[in-house]
Amino acid sequence: AYFEGLEATARRLGQALGGRVVRLGGRFARLLSVHPLGGCAMGRSARDGVVDSHGRVFGYERLYVSDGSILPGPVGVNPSMTIAALGERIAEEMLV
């Protein structure tokens, strides 16, 4: 339903601007990111994640993860800035 809403809005915008929306690969094209994301998810506890919001691995003192694997999935067109910002935040935490 979410993607159908996005497509409907894009079609309306395209029509208003005199253009049309084309989904490369067709309706069932896979949505993906070229950045490896996920696999070591952030969570509030070890029950729902591997690390906390500061990259600290639950149950392992002073062990951190600081890369795209802590993101649950795609966060935008190019997640490199989000990954870099998380890396800076986690590095600051490590210095404390």
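That block above? That's the structure.
This report concerns the structure included in the present document.

So, on to the overall build of the protein chain. Assigned secondary structure in the protein chain consists of two helices and zero strands. Counting over 96 residues, the protein chain shows a buried share of 23%. A sequence separation of at least 24 residues applies to 44% of the contacts in the protein chain between residues at least 6 apart. Looking at the protein chain as shown, the accessible area adds up to about 7,500 Å², and 59% of this sits on carbon and sulfur atoms.

Tracing the backbone shows D48 in the loop between α1 (2–16) and α2 (80–95). Relative accessible area serves as the criterion here: at 45%, D48 is assigned to the partly exposed category. When near neighbours in sequence (up to four residues on either side) are disregarded, D48 contacts M42 and G43. Looking at D48, its side chain comes within polar contact range of the main-chain nitrogen of S45, at 2.9 Å.

Calculation criteria
Position labels on residues start from 1 in each chain and follow its written sequence. Residue-level local features of this predicted model are given only where pLDDT is at least 70; pairs of side-chain atoms are given and counted only at 80 or more, and the full residue set underlies all totals for whole chains, interfaces and linings. Think of the side-chain values as coming from all heavy atoms in the structure, minus any hydrogens and water. Numbering of helices and strands runs from the N terminus, with a helix taken as a DSSP run of H or I at least four residues long and a strand as a DSSP run of E at least two residues long. Residue exposure (1.4 Å probe, protein chains only): buried if accessible area is under 20% of the type maximum, exposed if over 50%, otherwise partly exposed. The contact rule is simple, with two residues in contact once any of their heavy atoms fall within 4.5 Å. Accessibility throughout is a Shrake-Rupley quantity obtained with a 1.4 Å probe, and a residue counts as covered only by protein chains that appear here. Polar contact is the term for a pair of N or O atoms within 3.5 Å; when the atoms are in protein, one must be able to donate a hydrogen and the other to accept it, and sequence-neighboring residues count only if both atoms are side-chain atoms.

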